[in-house]
Amino acid sequence: MTSELFSRLTLRSGQVLKNRIAKAAMEENMAGAGQLPDRHLLSLYRHWAAGGTGLLITGNVMVHAEALTGPAGVVLDEHAPLEPFAEWAKAGKSGGGAIWMQINHPGRQVASDMPGVVWGPTDIGVSLGKHSSRFGRPTAMTPQQIADTVTRYAVTARRAEEAGFDGVEVHAAHGYLLSQFLSPLVNKRTDRRGGSLENRARMLLDIVRAVRAAVSPSFAVAVKLNSADFQRGGFGADDARQVIEMLAPLGVDLVELSGGSYESPAMTGRPADDRTQAREAYFLDLAKDLVTTSPLPLMLTGGITRRATADRVLDSGVSVIGMGTALAVTPDLPDRWRQGREADRQMRPVTWSDKALASAAGMAQVRHQMRRLARGSSPRPGTHPAVALISERRRQRRALRSYRAWLSTSRPVV
């Protein structure tokens with residue numbers, strides 16, 4: 001079977017994607033010693049590279065060693081050795097597709113037991129009701145901390161290119177730092193980075209400019225952006241439309257649309273305000289509106305599991321379809337689609353009423369499948385979510401001990 005799904009896409013940078021299917025970023029939480037990629041990540045990405053995907057986007061790589069989304073996060077800063085990243089890039093490109101590194105700073109979305117720093121545009125913490133204590137209390141970033149963070153993104157992007165990656169994706173979605181600056185609910189600053197959308201977008205735009213200046217013209221630069229935060233009074237679809245227009249003159253190749261945050265986990269299909277309940281392509285309705293005005297190619301991620309859905313997304317005008325969970329369960333799904341076949345298994349659904357806990361369990365299930373792939377085992381999507389969550393929390397406790405030791409001996413807290 002052939003269709004637009006398997007057609008090439010030429011980006012502004014001149015980079016050519018071999019098809020319109022992307023493995024979207026999923027946080028692997030599989031860093032080895034020194035917060036570096038090791039043989040497990042390499043094995044995982046070889047599996048995906050062999051499955052026919054045109055683009056692999058890594059799970060978020062941290063630009064700041066003292067601010068991680070989880071204790072087993074990968075860090076690429078000015079001190080990290082490049083050889084492990086070069087091996088990662090090589091593994092990702094082994095199937096003939098491209099690999100981009102997603103680069104990120106968690107901001108206030110840092111667990112309360114993590115060492116290091118918890119920063120945000122202001123000191124407003126993550127609100128999860130009875131689960132709020134899971135996250136640290138943020139401090140408002142100073143102008144110098146903001147400037148240093150912009151530099152960190154540029155350094156990580158430059159080093160990603162040196163390691164052999166084909167591009168980077170700046171993560172400005174899912175409630176992480178840049179999404180926090182964009183949000184009127186979180187960003188209550190009274191300086192030039194707060195207030196109007198133009199001011200709230202300033203940090204993202206400064207980072208994109210710095211990244212674009214730090215890499216070669218042929219290196220792809222993308223942005224992951226919420227189509228909406230799915231919180232009343234938060235960042236919405238019209239805000240997304242305006243931010244895409246602001247990004248257009250800055251040399252951006254692609255904007256990936258997603259949605260939600262830990263407070264409203266729409267990216268797992270469970271938003272706080274119940275405005276998206278689609279079983280597939282959660283954000284397609286919003287994307288249909290944005291694609292009509294977007295000056296940039298758009299990628300849509302969220303709940304796509306079937307060929308018919310992927311074709312429907314492309315028919316809407318979206319340029320690239322992104323999949324996460326589906327590829328964790330069926331890493332060769334693009335090749336199956338090309339052969340006219342579908343996945344023969346699906347992830348066990350999490351039906352818990354506690355949305356925050358259900359979201360955590362769902363992500364634990366996905367990471368459980370990724371670890372199995374990395375070990376050379378077949379995915380086991382029927383794993384009970386409680387089993388996956390308990391196993392992950394045990395693993396995280398061990399990783400936290402390692403991260404604390406590494407941070408205390410190799411990185412001064414700044």
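Structural data are supplied above this passage.
This report concerns the structure included in the present document.

The rules behind these values
The written sequence of each chain sets the order in which its residues are numbered from 1. Per-residue local features are limited, in this predicted model, to residues with pLDDT of at least 70; the limit for side-chain atom pairs, both in listing and counting, is 80 or more; totals at the level of whole chains, interfaces and linings are taken over all residues. To get the side-chain values, all heavy atoms of the structure are used, and hydrogens and water are removed first. Accessibility here uses a 1.4 Å probe with only protein chains present; expressed as a share of the type maximum, an area under 20% marks a residue as buried, one over 50% as exposed, and anything in between as partly exposed. Only DSSP runs of H or I with at least four residues qualify as helices, and only runs of E with at least two residues qualify as strands; both kinds are numbered from the N terminus onward. Between any two strands, pairing holds if DSSP finds at least two bridges. N or O atoms within 3.5 Å of each other form a polar contact, as long as, within protein, one can give a hydrogen and the other can take it, and as long as residues adjacent in sequence are counted only when both atoms are side-chain atoms. By the convention used here, residues are in contact when the closest approach between their heavy atoms is within 4.5 Å. By convention, a stacked pair of Phe, Tyr or Trp rings (six-membered ring in the case of Trp) has centres within 6.5 Å and planes under 30 degrees apart, an edge-to-face pair has planes over 60 apart, and any other such pair is tilted. Here the term patch refers to residues with relative accessible area over 30% and no salt bridge, with like charges joined within 9 Å and nonpolar side chains (Val, Leu, Ile, Met, Phe, Trp, Tyr) within 5 Å. Only the protein chains shown count as cover for residues, with accessible areas throughout obtained via the Shrake-Rupley method and a probe of 1.4 Å. Take a side-chain nitrogen of Lys or Arg and a carboxyl oxygen of Asp or Glu: if they are within 4 Å of each other, that pair is a salt bridge. In this tally Asp and Glu are treated as negative and Lys and Arg as positive; neither His nor the chain ends contributes. For this purpose, a charge sits on NZ of Lys, CZ of Arg, CG of Asp or CD of Glu. Within this scheme, the nonpolar core is defined by two criteria: the residues are buried Ala, Val, Leu, Ile, Met, Phe, Trp, Tyr or Cys, and they are joined through side-chain atoms within 4.5 Å. Arc, as used here, means the arc of the directions from the helix axis to the C-beta atoms.

On to the pairing of strand β11 (residues 254-258). With respect to burial, β11 is a largely interior element, five of its five residues being buried. The alternating pattern of β11 places Leu254, Glu256 and Ser258 and Val255 and Leu257 on opposite faces, both of which are buried. Here strand β10 (residues 220-226) pairs with β11 via five bridges, running parallel. Residue pairing in the sheet places alanine 222 in a bridge with leucine 254 of β11. Bridge count for β11 against strand β12 (residues 298-301) is three bridges, and the pairing is parallel. Bridge pairing in β12 places leucine 257 opposite leucine 300.

Quick look at the side chain of arginine 189 now. Among the secondary structure elements, arginine 189 is positioned in the loop between α4 (177-182) and α5 (197-200). Among the residues examined, arginine 189 registers a relative accessible area of 11% and is labelled buried. A distance of 2.9 Å separates a polar atom in the side chain of arginine 189 from the backbone oxygen of methionine 141. Once residues lying within four places of it in the same chain are set aside, the contact partners of arginine 189 are Pro121, Thr122, Met141, Ile146, Phe181, Gly194 and Gly195.

Tallying each qualifying case throughout the model produces five aromatic pairs. Taking the centre distance of 5.6 Å and the plane angle of 85° together, the rings of tyrosine 45 and tryptophan 88 count as edge-to-face. On the criterion of sequence distance, the pair formed by tyrosine 45 in helix α1 (residues 39-49) and tryptophan 88 in helix α2 (residues 83-92) is long-range, its members being 43 residues apart. The same class applies to tyrosine 45 and to tryptophan 88, which are both buried. Taken together through their ring pairs, the aromatic side chains of Tyr45, Trp48, Phe85, Trp88 and Phe165 make up a single cluster.

This part is about the pairing of strand β13 (residues 320-323). Of the two faces of β13, the one lined by Val320 and Gly322 and the one lined by Ile321 and Met323 are each fully buried. Across three bridges, the pairing between strand β3 (residues 21-23) and β13 is parallel. Its bridge partner lying in β13, isoleucine 21 is registered against isoleucine 321. Bridge count for β12 against β13 is three bridges, and the pairing is parallel. Paired with methionine 299 across the bridge in β13 is valine 320.

For the rest of this paragraph, the subject is a positive patch on the surface. Positive charge collects at one region of the surface, where Arg134, Arg393, Arg394, Arg397, Arg398 and Arg401 lie side by side. Along the chain, arginine 393 turns up in helix α13 (residues 385-410). Relative accessible area serves as the criterion here: at 39%, arginine 393 is assigned to the partly exposed category.

Considering the arrangement of structural elements, one finds proline 37 in the loop between β3 and α1. On the basis of relative accessibility, which here comes to 7%, the residue proline 37 falls in the buried class. Linking proline 37 and valine 74, residues 37 residues apart in sequence, is a C-alpha distance of 6.5 Å. With residues near it in sequence (within four places) discarded, proline 37 still touches Val74, Pro84, Phe85 and Trp88.

Before going further, it helps to spend a moment on the nonpolar core. In this structure, Phe85, Leu204, Leu247 and Ile321 are the most contacted members of the largest nonpolar core, which totals 94 residues. Sequence-distant contacts of phenylalanine 85, that is, excluding residues within four places in its chain, are made with Leu36, Pro37, Val74, Val75, Leu76, Ala80, Met101, Ala163 and Phe165. Among the nonpolar cores identified, the runner-up in size contains 15 residues, and Ala24, Ile57, Trp100 and Val320 belong to it.

Within the span of helix α8 (residues 284-291), buried status applies to Leu284, Ala287, Leu290 and Val291. End-on, the buried residues of α8 take up no more than an arc of 115°, which puts them together on one face. Summarising the geometry of α8, the exposed residues directed more than 90 degrees from the buried face are Asp285 and Asp289.

A few words now on the side chain of arginine 20. Positionally, arginine 20 belongs in the loop between β2 (16-17) and β3. Within the structure, the side chain of arginine 20 is placed 3.5 Å from the side chain of glutamate 4, a separation counted as a polar contact. Here arginine 8 takes part through its backbone oxygen, which lies 3.3 Å from a polar atom of the side chain of arginine 20. In this structure, arginine 20 is in contact with Glu4, Leu5, Ser7, Arg8, Leu9, Leu314, Ser319, Val320 and Ile321, ignoring residues within four places of it in sequence.

Here we take up helix α9 (residues 307-315). By the burial criterion, the buried members of α9 are Arg307, Thr309, Ala310, Val313 and Leu314. Taken down its axis, α9 places every buried residue within 160° of arc, on the same side. Elements in contact with the buried residues of α9: α8, β12, β13 and α11 (333-338). Phi turns positive, to about 110°, at glycine 317, one or two residues after α9.

Note on pairing: side chains with opposite charge can pair once their charged atoms come close. With the rule as written, the count across this model stands at 18 salt bridges. Here arginine 241 makes a salt bridge to aspartate 238, at a shortest N to O gap of 2.7 Å. You can see arginine 241 and its partner aspartate 238 sitting in helix α7 (residues 237-247), three residues apart, about one turn around the helix. According to the relative accessible area criterion, aspartate 238 is partly exposed, its value standing at 43%. The shortest N-O distance in the salt bridge between arginine 345 and aspartate 344 comes to 3.7 Å. The exposed category is assigned to aspartate 344, whose relative accessible area is 58%.

With respect to the secondary-structure elements, leucine 9 resides in strand β1 (residues 9-10). A relative accessible area of 10% means that leucine 9 is categorised as buried. Sequence separation between leucine 9 and asparagine 19 is ten residues; the distance between their C-alpha atoms is 6.6 Å.

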